[in-house]
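Here's the letter readout for the chains.
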Amino acid sequence: MISEPEMAGEPGRVGDGEARDGDGAGEVLDAFGQGHMGFGQGRMGEPWPRRPWRWALGGAVVASVVWTVALLLFPWGDRQPDMHGYWLNEAPCATLPLKALGTAIAPREPTDEAGSTGRADSGVLNDPALDQASCFIALRSATGPERSTKGWSIGYTVGVRMELHKKTDPAAEFEAKRGVTEFGADPGVKVEAVADLGDKAYLLTSDNGIAELRVLEGGAVLSLALYSSLQNEESLDGPPMGDGSDLPDLSPYQSAMISDMRDLMDGLKR
């Protein structure tokens, strides 16, 4: 603790810059060895006012305490996102029913004699920082794909992607990529916010036969995309007519995508 500086010699008047014979120093020395000729002067026996450096020291101590408490309450830089109970098992796509899209378009492609399920899984990544899985599920009925009047067959596929960020918050990246598709930044893509779905949700639609629903909830980033495709197949009356470039409108299936996304979110929570 820093104490008040002591006066040397006999009591005497200070402040006039001169010392009486035999009284020693005629001014008060501060902690830096400098004399105060004006501030804090008084007669012996009178209380000396507090030094300014004491107020500065006290302010620094208070600021340090406040900063320490703030770091304990808000650990910036290493705060882990809330996972909301999300987790990935070994085969998350196998149990995804897709009831709404199955009703609106066609159910999941059934298992054939060769054991094919119409599903392509990428496998599951389990890491202390990130869990990730993705898959593609065909929506073709047992009677075959939808056939257009020009002899082109129309097929639908659902792509599902699940990412669980366990160390860093993906919110900023999710927001930055809201208009970026799998083909890159597309200024022509239409982005619509979806209310009451996770923390944030966006529906992306374009003219290339793809609609994608993305959801952010804590550290979970989920995507459900609907793809439409045309296949050149010969009809009974001859080869298909035209170039088959007219892809179906996917907007009627947006509510079904939202419903199946809710089922996906519920199914991934413990």
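Every value quoted in this text rests on a predicted model; they were computed, and no experiment measured them.

Trainee: Is there a simple way to think about the overall build of the protein in this case?
Mentor: Secondary structure summary: the protein contains four helices and 12 strands in total. Residues counted as buried form 31% of the 270 residues belonging to the protein. Taking contacts inside the protein between residues at least 6 apart in sequence as the whole, the part at least 24 apart equals 62%. A total accessible area of about 16,900 Å² is found for the protein, and carbon and sulfur atoms account for 54% of it.

Trainee: I'm lost on the pattern of salt bridges in this one. Help?
Mentor: For side chains of opposite charge, pairing can occur when their charged atoms come near one another. The final tally for this structure, using the stated rule, is seven salt bridges. Among the ionic pairs, Arg178 bridges to Glu175, the shortest N-O distance being 3.4 Å. In this structure, the salt-bridge partner of Lys200 is Glu175, at a minimum N-O distance of 2.9 Å. Placement of the pair is Lys200 in strand E10 (residues 200–205) and Glu175 in helix H3 (residues 171–176), with a sequence separation of 25 residues. Here Lys200 falls in the partly exposed class, since its relative accessible area comes to 36%. Within this structure, Glu175, Arg178 and Lys200 form a network of salt bridges that share partners.

Trainee: I tried to follow the confidence of the model for the protein on my own but got confused; where do I start?
Mentor: Keep in mind that low pLDDT regions are not for reading the predicted coordinates in detail. In the predicted model, the protein carries a mean pLDDT of 76, and the fraction of residues at 70 or more is 61%. Note on residues 7–40: pLDDT under 50 across the span, and 45 contacts to partners over four residues away in sequence or across chains.

Trainee: Please clarify how the layout of surface pockets should be interpreted in this entry.
Mentor: The gaps of empty space that remain are located by a probe, the size of a water molecule, rolled over the atoms. Taken as a whole, the largest pocket holds about 690 Å³ of empty space. Residue lining of the largest pocket: 30 residues in total, with Arg161, Val180, Glu212, Arg214 and Ser223 positioned closest to the centre. Within the residue set of the lining of the largest pocket, elements represented by two or more residues are strand E4 (130–138), strand E6 (152–165), H3, strand E7 (180–181), E10, strand E11 (210–217) and strand E12 (220–232). Computed from the structure, the second largest pocket encloses a volume of approximately 190 Å³. What lines the second largest pocket is a set of 14 residues, among which Ser206, Asp207, Pro248, Asp249 and Leu250 lie closest to the centre.

Trainee: Quick question: what am I supposed to make of unusual backbone geometry here?
Mentor: Residues other than glycine predominantly adopt negative phi, and peptide bonds predominantly adopt the trans conformation. One non-glycine residue with positive phi stands out, namely His84, at about 55°. Note on placement: His84 falls in the loop between helix H1 (52–73) and helix H2 (99–104). According to the relative accessible area criterion, His84 is partly exposed, its value standing at 32%.

Trainee: Would you mind going over the state of the cysteines with me for this structure?
Mentor: By definition, a disulfide links two cysteine residues through a covalent bond between their sulfur atoms. The tally for this structure, following the rule as stated, stands at one disulfide. What pairs with Cys93 in a disulfide is Cys135, and their sulfur atoms sit 1.8 Å apart. Residues Cys93 and Cys135 share a disulfide whose torsion about the S-S bond is about -90°; that sign makes it left-handed. In this pair, Cys93 sits in the loop between H1 and H2 while Cys135 sits in strand E4, placing the two residues 42 residues apart along the sequence. No difference in accessibility class separates Cys93 from Cys135, as the two residues are buried.

Trainee: Teacher, can you tell me more about the pairing of strand E9 (residues 190–193) here?
Mentor: Each regular strand carries side chains that alternate between the two faces of the sheet. Inspection of the sheet shows E9 paired to E10 by four bridges, in the antiparallel sense. If you follow Glu192 over to E10, its bridge partner there is Leu203. The hairpin formed by E9 and E10 contains six residues between the paired strands, and Asp196 there has a positive phi angle of roughly 60°.

Trainee: Just checking my understanding: could you explain the packing of aromatic side chains for this structure?
Mentor: To describe a pair of aromatic rings, you give the distance between the ring centres and the angle between the ring planes. Under the definition given, this model contains three aromatic pairs. Look at Phe136 and Tyr227: their rings are 6.1 Å apart centre to centre, the planes differ by 50°, and that puts the pair in the tilted class. One end of the pair, Phe136, is in strand E4; the other, Tyr227, is in strand E12, with 91 residues separating them in the sequence.

Trainee: Mind showing me how you'd approach the environment of Asp249 here?
Mentor: Checked against the element boundaries, Asp249 lands in the loop between E12 and helix H4 (254–267). Counting along the chain gives 44 residues from Asp249 to Thr205, while the straight-line C-alpha distance between them is 9.9 Å. Of the polar contacts made by the side chain of Asp249, one reaches the side chain of Ser251; its length is 2.7 Å.

The rules behind these values
Residues numbered from 1 in each chain as written. Predicted model: local features only at pLDDT ≥ 70, side-chain atom pairs only at ≥ 80, totals over all residues. Heavy atoms only, no water. Helix = DSSP H or I, 4+ residues; strand = E, 2+ residues; numbered from the N terminus. Buried < 20%, exposed > 50% of the residue type's maximum accessible area, 1.4 Å probe, protein only. Contact = heavy atoms within 4.5 Å. Areas by Shrake-Rupley, 256 points an atom, 1.4 Å probe, with all protein chains shown as cover. Salt bridge = Lys/Arg side-chain N within 4 Å of Asp/Glu carboxyl O. pLDDT = per-residue confidence, 0-100. 1 Å grid on protein atoms, 1.4 Å probe; cavity = no way out; pocket = protein on both sides within 12 Å on 5 of 7 lines; lining within 4 Å. Points joined across faces, edges and corners; volume = space filled by probe spheres on them. Disulfide = S-S within 2.5 Å. Pairing = 2+ DSSP bridges. Phe/Tyr/Trp six-rings, centres within 6.5 Å; stacked < 30°, edge-to-face > 60°. Polar contact = N/O pair within 3.5 Å; in protein donor to acceptor, adjacent residues only side chain to side chain.

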